[in-house]
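Listed below, chain by chain, are the residues.
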Amino acid sequence: MSSLQRRNEQSPIEKGLQKMDEKTLQNMDKLFQTAFYLAWKERPFTDFPDFLDLQTLNGPGVWGTYYNDKAAKEFITHIAEIYQDNLQKQLHNSDYFSVYCDESTDRSESEKELVMVRVIEDFYPVVKYLKLVEPANTKADDILAGINAAFADFGFSAREYKQKMIGFGSDGASVMMGARRVKDCLKGTFMDNVTETLTLIYYFYKGSTKRDKEVSEVAEIVEEHFYTPEKENRTRWVDHKLRSAANLIANGKLIAIHLQRYIEDKSNKAEDRAKGKGILKKVMEYKLIWFLHFRRDVLNEIARLSLLLQREDVTLPRIMIKVQSVQVALSEMMDNPGRNLQRFQEELNGALYKEHTLTHVVAQNSLTQEKKNYPRIATWPDEDAALTQYGRNELQVITDYFQHILNNCGCDVDSAFSEWTALKLHVKNNPHFRVLHQLSLWQRISLEDVERNEGYPFNLSISHG
């Protein structure tokens, strides 16, 4: 029996709902909400009776035969089926949507692929959960097979959903290509030394409760806080790189004091003391500390772009503006120090930094020249002449690239440019539009277009995509 046939058959709960009075329906509403909360918080079904006990304390309720974990499973199954049915109808009725994938794990720690869709709802883009699939392995072909299987559960063949798909994003393709480009460009540079040092520090303290306790005791003595060293290479590349740099900058003095004591303590293993000595030599090197601050400045700018790209309400124009802003900021760093590097230079007194003498101090201009080898990463016009030309090239690119999807949607591509001009003038002549978020603006105009038939169907379809 197919999953669709099973969903079409009435369950005992569904049959019972048709015969219930208002009071009983209120109880069933509480049962469904409690079951949903159970699933939302990833709690075991066996917690269901305890949650109902809490409900009883907050207000009267009669749970009858539903006071058990089996009922919780049945409630959650119905909720999931209703969600899937509604999303399936929405996707089949949509002209287009985007697909996002991300690696994930369940409670058994097995590798999964989380599949999500970005679809228009009430003229506004929203991201919705589609499926959690388990590919045979993490190779591209098997992940694609998993995505195809997820859409098959929603009534799509591989060909059908791809015809509607206008965008695809995944962690493997890098949500933020700028960050991956920076990552690749940093290979083979002095940043490799920085990464190696941060990794050595992470494992040196993570691998020993004794060492971690000792450095925390040093922090208490000097009345400072010891920030746990961050692992360098994790899924969120920018976030972890940034935090690992920030933690070492904050911990530098504490680590230096602890390592000096550690390598002098003959009770420690010779092998471990040798590791500590190697790390101490690295963290006392002027060039490493200089580049550590420089890297933090760079990643601060990249992180701002990363956070924007993670927002559900982000639009392409906002991304373009942010990319340009980051590019300007990073280019400026090629000639002038960022906030963190400037602070380091101000705190440095000759070779003395935070009460420790740094080794191999070099001239500032030599490092300024070296950092130039690292990667350099709207408003509508008011005048009618400029407004007429505004966005025409971008519209041409979009119509050419998505021509087959626009044709499938029944869009009149030939009317695009005259409609675009009329839409721009409409926005210009209504100043209150200019203060709205771009997605809210398109939503409002779309609703007006439906009510008044303003005549912007093509461009509104473009803006929602």
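Residues numbered from 1 in each chain as written. Predicted model: local features only at pLDDT ≥ 70, side-chain atom pairs only at ≥ 80, totals over all residues. Heavy atoms only, no water.

*Asks:* Got a minute to help me understand the overall build of the protein chain in this structure?
*Replies:* Scanning the protein chain from N- to C-terminus turns up 22 helices and six strands. Split into buried and exposed, the 465 residues of the protein chain put 39% on the buried side. Accessible surface, the protein chain as shown: approximately 26600 Å² in total, 51% of it carbon and sulfur. (Helix = DSSP H or I, 4+ residues; strand = E, 2+ residues; numbered from the N terminus. Buried < 20%, exposed > 50% of the residue type's maximum accessible area, 1.4 Å probe, protein only. Areas by Shrake-Rupley, 256 points an atom, 1.4 Å probe, with all protein chains shown as cover.)

*Asks:* Is there a simple way to think about the side chain of Asn 247 in this case?
*Replies:* Structurally, Asn 247 can be placed in helix 11 (residues 237-264). With a relative accessible area of 14%, Asn 247 lands in the buried category. Beyond its immediate chain neighbours, meaning those up to four positions away, Asn 247 contacts Tyr 227, Thr 228, Pro 229 and Glu 230. (Contact = heavy atoms within 4.5 Å.)

*Asks:* Honestly, the environment of Ala 416 in this entry has me stumped. Any pointers?
*Replies:* Mapped onto the elements, Ala 416 comes out in helix 20 (residues 416-428). Between the alpha carbons of Ala 416 and Gln 396 there is a distance of 9.0 Å; along the sequence they are 20 residues apart.

*Asks:* Would you mind showing me how to read the pattern of salt bridges here?
*Replies:* Note on pairing: side chains with opposite charge can pair once their charged atoms come close. Enumeration according to the criterion identifies 10 salt bridges in this entry. Between Asp 47 and Arg 43 there is a salt bridge, with the nearest N and O atoms lying 3.0 Å from each other. Overall, the relative accessible area of 15% leaves Asp 47 in the buried class. Through salt bridges with shared partners, a single network forms among Glu 224, Lys 253 and Glu 355. (Salt bridge = Lys/Arg side-chain N within 4 Å of Asp/Glu carboxyl O.)

*Asks:* What am I meant to see in helix 12 (residues 270-283) here?
*Replies:* Within an α-helix, residues lying three or four positions from one another point in the same direction, as the helix has 3.6 residues per turn. Between the first and last C-alpha of helix 12 there are 20 Å, a value that for 14 residues agrees with the 20 Å anticipated at 1.5 Å per step. Among all positions of helix 12, only Asp 272, Arg 273, Gly 276, Ile 279, Leu 280 and Val 283 are buried. For helix 12, the angular spread of the buried residues around the axis is 120°, confining them to a single face. Opposite the buried face of helix 12, by more than 90 degrees, sit the exposed residues Ala 270, Glu 271, Ala 274, Lys 277 and Lys 281. (Expected span 1.5 Å × (residues − 1). Arc of directions from axis to C-beta.)

*Asks:* Explain the packing of helix 9 (residues 191-206) against helix 13 (residues 286-309) here, please?
*Replies:* A pair of packed helices is captured by two measures, namely the crossing angle of their axes and the spacing between those axes. Close contact between helix 9 and helix 13 brings their axes to 10 Å; oriented N to C, the two are set at 95°. Considered as vectors, helix 9 and helix 13 are oriented roughly perpendicular to each other. Touching Met 191, Asn 193, Val 194, Thr 195, Thr 197 and Leu 198 of helix 9 are Leu 288, Phe 291, Leu 292, Phe 294 and Arg 295, all from helix 13. Of the residues assigned to the contact of helix 9 with helix 13, the class counts are seven nonpolar, three polar and one charged. (Axes fitted to C-alpha atoms, helices over the stretch in contact; angles between N-to-C directions. Parallel < 35°, antiparallel > 145°, perpendicular 65-115°, else oblique. Nonpolar A, V, L, I, M, F, W, Y, C, P; charged D, E, K, R; others polar.)

*Asks:* Honestly, a nonpolar patch on the surface in this entry has me stumped. Any pointers?
*Replies:* Where nonpolar side chains cluster on the molecular surface, the patch consists of Tyr 83, Tyr 129 and Leu 132 and spans about 270 Å² of accessible area. Relative to the helices and strands, Tyr 83 resides in helix 5 (residues 69-93). Accessibility expressed as a relative area gives 34% for Tyr 83, which makes it partly exposed. (Patch = residues over 30% accessible without salt bridge, like charges linked within 9 Å, V, L, I, M, F, W, Y side chains within 5 Å.)

*Asks:* Please clarify how the confidence of the model for the protein chain should be interpreted in this entry.
*Replies:* A low pLDDT score tells you not to read the predicted coordinates there in detail. Mean pLDDT over the protein chain works out to 79, with 80% of the residues at or above the 70 mark. No element of the protein chain has a lower mean pLDDT than helix 8 (residues 177-186), at 51, and none a higher one than helix 12, at 92. For residues 173-179, every residue scores under 50 in pLDDT, and the model assigns this stretch 12 contacts once sequence neighbours within four places are set aside. Low pLDDT (under 50) marks residues 374-378, which in the prediction has 22 contacts with non-local residues, meaning those over four places away or in another chain. (pLDDT = per-residue confidence, 0-100.)

*Asks:* In this structure, what is going on with the side chain of Asn 340? I would like to understand it.
*Replies:* Checked against the element boundaries, Asn 340 lands in helix 15 (residues 339-347). By relative accessible area, Asn 340 is classed as buried at 2%. Of note is the side chain of Asn 340, whose polar atom sits 3.4 Å from the side chain of Arg 296. Apart from residues no more than four positions distant in its own chain, Asn 340 is found in contact with His 293, Arg 296, Asp 297 and Asn 300. (Polar contact = N/O pair within 3.5 Å; in protein donor to acceptor, adjacent residues only side chain to side chain.)

*Asks:* For this particular structure, what's the right way to read unusual backbone geometry?
*Replies:* Peptide bonds are mostly trans, and most non-glycine residues show a negative phi. Look at Glu 223: it is not a glycine, yet its phi comes out positive at around 60°. Mapped onto the elements, Glu 223 comes out in the loop between helix 10 (209-221) and helix 11.

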